Structures are given as C-alpha cells and as structure tokens.
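# Summary of structural features
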Amino acid sequence: MAAVYDVIIIGGGPAGSAAAVYAARKQLKTLLITESFGGQSIVSDDIQNWIGEPHISGFELAKKFEAHVRAYPEQVAIAMPERAVKVRAERCAIGEERMCDFEVDTDKGGAYVGKTVILVAGARRRKLGVAGEEKFEGKGVAYCSTCDAPLFSGKRVAVVGGGNAGLEAVQDLFPYASEVTIVEYGEALKGDTVTLEEIKKNPKLKEIALNAQTLEVMGDKTVSGLKYKDRKTGEEKLLEIDGVFVEIGSVSNSEMVKDLVALDKYGQVVIDSKHASTSHAGIFAAGDITDDPYKQNNISAGDAVKAALAAYAYLQKREKVSPAAA
Ligand SMILES: Cc1cc2nc3c(=O)[nH]c(=O)nc-3n(C[C@H](O)[C@H](O)[C@H](O)COP(=O)(O)OP(=O)(O)OC[C@H]3O[C@@H](n4cnc5c(N)ncnc54)[C@H](O)[C@@H]3O)c2cc1C
C-alpha cells in the first residue's frame, strides 16, 4: 500500500505554503501537491501589503514561499508540477464523526493517501464564454492587467467588468492604451466611488457601456472588435478595439471535491471559518478556494495556519478513536 500521509495539502500559494510550514512544525507527515509556488499574485510587480515587506514582487514572494516550505525536507514531500483532479473518501469508520482516509488522484497518475486534506487550491479568472474569446487569448484577449497592460501601448482597449477589478484594470491601462471603454453587464459600475471618480476624470476613458452583454470577440489574426447587446433596447453594437481585458471575477478551483464537500452557489468551498473545517470531517480549507468574502494573501496564509492546526487537532482525536485507517 502507498505511504499514508497525515496531511495532503493541495495548492502552493500563500495558503498552501503557510499550511505546509505549520504542518511540518507539528511534525506531521505532509505531502504538498501543487502546480507551482506563489499563487495568483505571482504576476504582480509590486505587492505592497504583505506584512513585513513594504514592497515585494510576486515572483520574489513565490521564491520565499518555496524556500520556506523546502526548509522542512524531513516532514514535507512536494509533488510539483502536479494537479489534483479528484479527492475520494475511502475506508470510513462509522462513529460520532465519519473519519476516513482520503485518496487524491492527480493529472500525473499519482494516487496519494492522506488521513486529512487541506484544500488551498485558490481560484482562477472567470472567462466570458463567448465566441472568439479562446481564439484570441494572448492575441488581444487578456486577463491580467498588471501583467499585460504594457503590451497595449497606443491601442484601443475594452475592459469587460465594472467592479473593482475592472476599474483597477482601467487604471493599469491608462498609461499605455490610447483609449479605454468599460463594458458592464449591469445597470451601474460596482467599483469604489473614489476610484470611479478618478477614472472619469481621465481623458483616455472613451465610454462606459452599461447593460451591455458581451456577445463576441471579433478579429482576423488579432482582435479588432467586440460585439455586445444593449440589454435595454436589444440593439447589437460593435466596439472597434484592439484588445479586451476580461475582469469578471474568479472561479474557485474546487472541482476535485465537488462530490465530497459542500460548495456554495459560486462553487466555493463552504467553511466554518473558526476551525477552517468543511462539511466533511478531516477535510479543511482556506484562502481563495473558500467562501470567505475577503481574498488577500495575508488572509489566505493566516487562515491556512488555522487549517493546519485544526488538522493537527483532528489527527489527535482520530488516533484516540482508532478508526479503520489509523
Ligand atoms: C493579479 C493579482 C494581483 C493580486 N495582488 C494582491 C496583492 O497585492 N495583495 C494581496 O493581498 N492579494 C493580492 N491578490 C489576491 C491574492 O493573490 C489571493 O488572495 C491569494 O493568492 C490567494 O491565495 P491562495 O493560496 O488561497 O490561492 P492561490 O493564490 O490561487 O494559489 C493556489 C495554488 O494552488 C495551485 N493549484 C490550483 N489548482 C490546483 C490543483 N487542482 N492541484 C494542485 N495545485 C493546484 C495553483 O497553481 C496555485 O499555486 C492579487 C490577485 C491577483 C489575481
């Protein structure tokens, strides 16, 4: 039989790295499965709110996360680059709590066994799902203004999404783009008033299209237009643009546990934030994969510490209960 880990951590962002360090310091036999270290803000040139570092790039932070986790080679095994695709509960002992072993299948054919799992696989950008989006990804369609705004120097750009992420993308684009149009599905922009007022003063803001349902990204070799429907009049309109930034939120990377733990209507793992626990005993979660409303590096790391300590407490109890898998 394969080695049984005390804890399998899925994800190597701030949450996964923090969970691994704390699991190691509790002397837990730990496996960290991740595609990479660093998480979503790895693309950021200048992170200014990671406590203790007034300025650090996402890339530098990722290197620090990895070095910190690798400081515990005795306790933490790392499977990378590897993606967890399914978590299954097996050999469950029926008792006061349903204590099980968990099998984690990966895209590399790995089948790992753990007594607990910590879900810290974060989130990814939501896509529009319209014609042309996939075809022009990297050829005018972009999802990260922090990373890609400079590529749109002198270009006409649309930002789809008028929440805070959309407004930040507009601000990132102003120094480069020749003009920026905001395309918002709802009746009003939802971002901060202060940011919005600043944006409205910038002469590069060409238009704010409200009630606008994006229908298609158009082009030949690269993007040349965006078709949308005015949801009030039903009229279809065409914006002549060279690029589109999609800023319509993110999707939780929770697919691997969708049949195992409770998810909310957005697919986020529902947690009891006091104990970082999920609806299944022995599975804990933290960070952007969860329904916690605040998505930040420090929060992900802190909450993952809670998850590691809660997993440790659960393991102590599990040893006493002596379930089938212990
Ligand atoms: C462009 C950008 C800039 C940001 N800037 C800041 C900032 O300045 N300050 C701040 O506090 N927050 C910032 N954030 C938000 C912050 O990045 C997130 O809140 C934080 O990264 C969440 O951490 P996490 O560990 O929960 O998840 P993530 O960062 O999403 O990390 C998840 C990790 O899991 C891996 N993974 C995903 N699925 C699987 C799987 N199935 N199997 C194995 N591994 C998997 C991923 O590769 C990744 O390494 C920014 C976000 C973005 C998108």
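This is a predicted model, so every value here is computed, not measured. (Residues numbered from 1 in each chain as written. Predicted model: local features only at pLDDT ≥ 70, side-chain atom pairs only at ≥ 80, totals over all residues.)

## Some remarks on the sheet that holds strand β14 (residues 236-240)
- Taken together, three strands build an open sheet; the order of strands is β12-β13-β14 and the sheet is antiparallel. The sheet terminates laterally at β12 (212-219) and β14, the two strands that pair on one side only. On average, each strand axis in the sheet is tilted by 25° relative to the strand beside it, whichever way the strands run.
- Of the strand pairs in this sheet, strand β13 (residues 223-230) and β14 are connected by five bridges, and their pairing is antiparallel. Following the sheet pairing, Lys 227 is matched in β14 by Leu 238. (Pairing = 2+ DSSP bridges. Helix = DSSP H or I, 4+ residues; strand = E, 2+ residues; numbered from the N terminus. Axes fitted to C-alpha atoms, helices over the stretch in contact; angles between N-to-C directions.)

## Examining the pairing of strand β5 (residues 99-106)
- Pairing of strand β4 (residues 84-93) with β5, which is carried by seven bridges, proceeds in the antiparallel orientation. When the sheet's bridge partners are listed, Ala 89 is paired in β5 with Phe 102.
- Summarising the sheet, β5 and strand β6 (residues 111-119) pair through four bridges and their orientation is antiparallel. Across the sheet, the residue bridging to Val 104 is Tyr 112, located in β6.

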